[in-house]
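# Tertiary structure, described
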Amino acid sequence: MSVVAVRRAVSQSVSGLPREFWWLWTSTLVNRLGAFVATFMTLYLTLERGYSASYAGLVAALHGLGGVVSSLAGGVMADRLGRRPTLLIAQTSTAFSVALLGFVEDPVAIPVVAFVVGMASNASRPAVQAMMADIVRPEDRVRAFSLNYWAINLGFAISSVAAGFIAEYSYRVGFLGEAAMTLVCAIVVFVKLPESRPDKAADDGAGEPETGLLGVLRDGRFMSVVGLSFLVALIFMQGHVGLPLAMGADGFSSSDFGLVIAVNGVLIVVLQIPVTRLIEHRDPGRLLILSALLAGYGYGLTAFAGSLGVYALTVAVWTIAEIINAPTQTGLVVRFSPVHARGRYQGMYSLSWSAAALVAPLMSGFVIDAWGTAWLWGLCAVIGTVAAVGYWLVVRDLPAERPEPGGPEPGKGTRTAKAEPGAGERTEPVTRTEPVEQRSVPAAAGGVAVERGGVDAAA
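Before going further, it helps to examine the overall build of the chain. Across its full length, the chain holds 20 helices and 0 strands. Counting every position in the chain, which comprises 459 residues, the buried fraction comes to 56%. Once local pairs closer than 6 in sequence are excluded, the contacts in the chain between residues at least 24 apart make up 85%. Looking at the chain as shown, the accessible area adds up to about 18000 Å², and 66% of this sits on carbon and sulfur atoms.

Once that is clear, we can look at the environment of glutamate 168. Note that glutamate 168 resides in helix 8 (residues 141-169). Taking the C-alpha atoms as reference points, glutamate 168 and serine 254, 86 residues apart in sequence, are found 7.2 Å from one another. Sequence-distant contacts of glutamate 168, that is, excluding residues within four places in its chain, are made with Ser253, Ser254 and Ser255.

Counting across every chain of the model gives 14 aromatic pairs. With centroids separated by 5.0 Å and ring planes inclined at 75°, the aromatic side chains of phenylalanine 21 and tryptophan 22 adopt a geometry described as edge-to-face. These aromatic residues form a ring-pair network of at least three members: Phe21, Trp22, Trp25 and Trp150.

The next subject is the packing of helix 4 (residues 53-80) against helix 17 (residues 342-371). Orientation of helix 4 relative to helix 17, taken along the N-to-C sense of each, is 175°, at an axis distance of 7 Å. With respect to helix 17, the element helix 4 is oriented roughly antiparallel. Taken together, the residues of the contact of helix 4 with helix 17 break down into 16 nonpolar, 10 polar and 5 charged.

For the rest of this paragraph, the subject is the confidence of the model for the chain. In this model, the chain carries an average pLDDT of 77, and 80% of its residues clear a pLDDT of 70 or more. Here residues 203-207 scores under 50 on pLDDT; set against residues more than four positions off or in separate chains, the count is 5 contacts. For the stretch residues 406-459, pLDDT sits under 50, and the model shows 93 contacts to residues farther than four places along the chain or on other chains.

What follows is about helix 6 (residues 109-122). With 14 residues, helix 6 extends 20 Å from end C-alpha to end C-alpha; this agrees with the ideal 20 Å at 1.5 Å per step. For helix 6, the complete set of buried residues consists of Ile110, Pro111, Val113, Ala114, Val117, Gly118, Ala120 and Asn122.

This part is about the pattern of salt bridges. Where charged atoms from two side chains of opposite charge approach closely, those side chains can pair. Under the counting rule described, the total for this entry stands at 7 salt bridges. Across the pair arginine 342 and aspartate 134 runs a salt bridge whose closest N-O atoms are separated by 3.0 Å. Of this pair, arginine 342 sits in helix 17 while aspartate 134 is found in helix 7 (residues 124-135), placing the two residues 208 residues apart along the sequence. With respect to class, arginine 342 is no different from aspartate 134; both count as buried. Each of Asp79, Arg83, Asp134, Arg342 and Arg344 takes part in one network of salt bridges that share partners.

Attention now goes to a nonpolar patch on the surface. Side chains of Leu65, Val69 and Met119 sit close together on the surface and give an oily, nonpolar patch of about 200 Å² of accessible area. With respect to the helices and strands, leucine 65 occurs in helix 4.

All right, on to the side chain of serine 350 then. By secondary structure assignment, the location of serine 350 is in helix 17. The buried category is assigned to serine 350, whose relative accessible area is 1%. In this structure, serine 350 is in contact with Ser71, Arg125, Pro126 and Gln129, ignoring residues within four places of it in sequence.

This paragraph deals with helix 2 (residues 19-33). Taking 1.5 Å as the rise per residue, helix 2 with 15 residues should run 21 Å; its terminal C-alpha atoms sit 21 Å apart, in good agreement. Burial in helix 2 covers these residues: Phe21, Trp22, Trp23, Leu24, Trp25, Thr26, Ser27, Thr28, Leu29 and Val30.

Parameters at a glance
Residues numbered from 1 in each chain as written. Predicted model: local features only at pLDDT ≥ 70, side-chain atom pairs only at ≥ 80, totals over all residues. Heavy atoms only, no water. Helix = DSSP H or I, 4+ residues; strand = E, 2+ residues; numbered from the N terminus. Buried < 20%, exposed > 50% of the residue type's maximum accessible area, 1.4 Å probe, protein only. Contact = heavy atoms within 4.5 Å. Areas by Shrake-Rupley, 256 points an atom, 1.4 Å probe, with all protein chains shown as cover. Phe/Tyr/Trp six-rings, centres within 6.5 Å; stacked < 30°, edge-to-face > 60°. Axes fitted to C-alpha atoms, helices over the stretch in contact; angles between N-to-C directions. Parallel < 35°, antiparallel > 145°, perpendicular 65-115°, else oblique. Nonpolar A, V, L, I, M, F, W, Y, C, P; charged D, E, K, R; others polar. pLDDT = per-residue confidence, 0-100. Expected span 1.5 Å × (residues − 1). Salt bridge = Lys/Arg side-chain N within 4 Å of Asp/Glu carboxyl O. Patch = residues over 30% accessible without salt bridge, like charges linked within 9 Å, V, L, I, M, F, W, Y side chains within 5 Å.

Right, dumping it as structure tokens:
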């Protein structure tokens, strides 16, 4: 592919998105540049403090339990208080609790603070995803979610290598670094991001009744998707739980693990955008089946790893699953969600990942201590197969996307249409009812000159 073709592809991938999206994207990137706790908690407890794999699993599980509590609470807060206040509360609380975690030494206090960290850090996820759905046009959402996931992994690729070497010098420096970067995220949100929650009047105009958490729970098809997401998340969590334990048992250091897990972030940085262009308008059910199989058998291959090269190869396999799964799954959640309940639906979806963060460490610690790492990787292959069958049964004949409030008139029910000209938004009118397949490429090409200015200003 020529340089010109690459530049054209990149331009089409990043154009047509509002400036507010790019500030949210920047906040995500900064946050992941400081990531440390989730990646190195297990090694910190086992190598630095000398605790057992079971204790490390308990602490990680309580971290996940905090996320379970805050996933639903964060979704409700995002719908009631607003996206911006929820983000500010969550990020500020995360910064202070992470810093505290770096100083506590009591074996009882460590899991308590880890629970608080998990609760604070996961409260922001529903708000971020709901805000992104608010400010981006429906036809651009999969691309926007993909770009956000790309930012997560760009930061992760950089921080994994750096944090691995920082950990060899001082784990406490890593905790304090994450706290500082999270505070920077809060500052970006406070200074640059306006509230995006749709007006209640727009919701009433759409004729949709108020949806509480019980209403979300009664949405059987959506809850089936949440359950399948939990199974897939159980597999992906092994990259931060089972994989470091397995590599530690094989005699590898924290910097070795940092280099191997960085393959995940680097591949996503390189492949996320081009792969998204291939899958953007394809059947989400088939994509989710493929991602479940790649995840399960990618981790299953780890049973045969004994060198850094083979470990890196297995990471590459399940990374492809992540690249496909992340934007597809998040876009599917928005498709199921009423506009006025996006926070609650995203909170329930986030709950699947938080619950996996709770269960996965306990599962990994028990399986490894009882039978060894090979059994853990075989179990991942089984779970991936079950999830793939589940997606085949559930995500078929999807219903049409929910209409945006205000019908086909542009600007109703989303904040993107309310952006002022020059804020990274296209100025020509867009008809909501135009089929996605007919307008996705022209929309990207038509906004290159304007939107690149918005990208540069934000980044």
